[in-house]
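Given next are the chains, with one letter for each unit.
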Amino acid sequence: MKHLLTLEQLSKDEILEILNLADQLKFQKKNGIEHHLLKGKTLGMIFQKSSTRTRVSFEVGMYELGGQALFLSSRDLQIGRGEPVQDTARVLSRYLDGIMIRTFAQQEVEDLAKYGSIPVINALTDYCHPCQVLADLMTIREFKGAFEGLKCVYIGDGNNMANSIIVGCLRLGMKMAIACPKGYEPDPHILEFTKNYPGMFEMTSDPFVAAKDADVFFTDVWASMGQEGEALERKKVFEGIYQINSKLMSVAHSDAMVLHCLPAHREEEITNEVFEAHAAEIFEEAENRLHAQKAVMVKLMA
Ligand code: CP
Ligand code: NVA
């Protein structure tokens, strides 16, 4: 593993290795055991979109590993004024030990990896959000004990989160169902990927069909970063149907858990009632961003 560009690039064993290391790092942190595995190393963090969790968890994670992180907003970088990513990659490779990037086009992340000579971590693109889903998988194992035999369901927009969730859940042997409106399906590459898992994947426009006998619920906002202009139109399509609420949860297993990458829009994709009833899982999931990303950085940069 040289980079983390998408989840598809990781095998089941590679994902499990990251999750096992993440569990170990979480234990060490909770027990005050020093784990300076990246002493003297520097991570550059390029942000072309907003962030709360990703920025703070990477920065704190790097500090806890004995290294240092640099917050590089595209508003201040020359990249924001049009300096090509090919050049930025070659320059930053001479200063840093790793780059984390959050941006729009997946191609930009791929180019950074192609032209640079240091590990690149995808911290969200329009196509996928692998770091988030590693934390999600870690949380599922924490709450459910194992992956085998579980059914996951995603309700809503077939966006970056949906794309990575489908890959992560199928890779680890879980069944996956998605309910999304027509025209808002996951990326065609992801639908192609699901063909490797016959009988394990289901796509429907009916949330009640998808949620039947589910063990793990996922959802995400109806309009992602960069889609602000479509928010009203999307609301009309999703409202009243693509929402995790107690009625929908009643067709799932009674001990089903609920995950949300956050930020959440209460009463849109999830009711306040369900959100608060499952706050334990949702905020453990947010915490696990820290541990999972530390594991990724150690795997790539140590
Ligand atoms: N879930 C997530 O990536 O959150 P931020 O946008 O706050 O980083
Ligand atoms: N789909 C959301 C995820 C945010 C973490 C977005 O891209 O805005």
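Residues numbered from 1 in each chain as written. Chains lettered and ligands numbered in written order. Predicted model: local features only at pLDDT ≥ 70, side-chain atom pairs only at ≥ 80, totals over all residues. Heavy atoms only, no water.

(A) Representation of the sheet that holds strand 2 (residues 68-73). Pairing is parallel across the open sheet formed by 4 strands, whose spatial order is 2-1-3-4. Edge strands, defined here as strands with exactly one partner in the open sheet, are strand 2 and strand 4 (120-122). Each strand axis lies, on average, 20 degrees off the axis of its neighbour in the sheet, ignoring direction. Inspection of the sheet shows strand 3 (residues 98-102) paired to strand 4 by 3 bridges, in the parallel sense. (Pairing = 2+ DSSP bridges. Helix = DSSP H or I, 4+ residues; strand = E, 2+ residues; numbered from the N terminus. Axes fitted to C-alpha atoms, helices over the stretch in contact; angles between N-to-C directions.)

(B) Structural context of the pattern of salt bridges. Evaluation of the coordinates by the stated rule reveals 17 salt bridges. The partner of glutamate 64 in a salt bridge is lysine 29, and the shortest N-O contact between them spans 2.6 Å. With glutamate 64 in helix 2 (residues 53-64) and lysine 29 in helix 1 (residues 12-30), this residue pair connects regions lying 35 residues apart in the sequence. Glutamate 64 sits in the buried class, given a relative accessible area of 15%. (Salt bridge = Lys/Arg side-chain N within 4 Å of Asp/Glu carboxyl O. Buried < 20%, exposed > 50% of the residue type's maximum accessible area, 1.4 Å probe, protein only.)

(C) Geometry of the site of ligand 1. In the vicinity of ligand 1, the contacting residues are Ser51, Thr52, Arg53, Thr54, Arg102, His129, Gln132, Cys261, Leu262 and Arg289. Between an oxygen atom of ligand 1 and a side-chain N or O atom of serine 51, the distance comes to 2.6 Å. Between threonine 52 and ligand 1, the recorded distance is 2.6 Å, taken from a backbone N or O atom to an oxygen atom. Taking 260 Å² as the accessible area of ligand 1 by itself, protein coverage stands at 95%. Grouping the amino acids of the shell around ligand 1 by side-chain chemistry returns 2 nonpolar, 5 polar and 3 charged. (Near = heavy atom within 4 Å. Polar contact = N/O pair within 3.5 Å; in protein donor to acceptor, adjacent residues only side chain to side chain. Areas by Shrake-Rupley, 256 points an atom, 1.4 Å probe, with all protein chains shown as cover. Nonpolar A, V, L, I, M, F, W, Y, C, P; charged D, E, K, R; others polar.)

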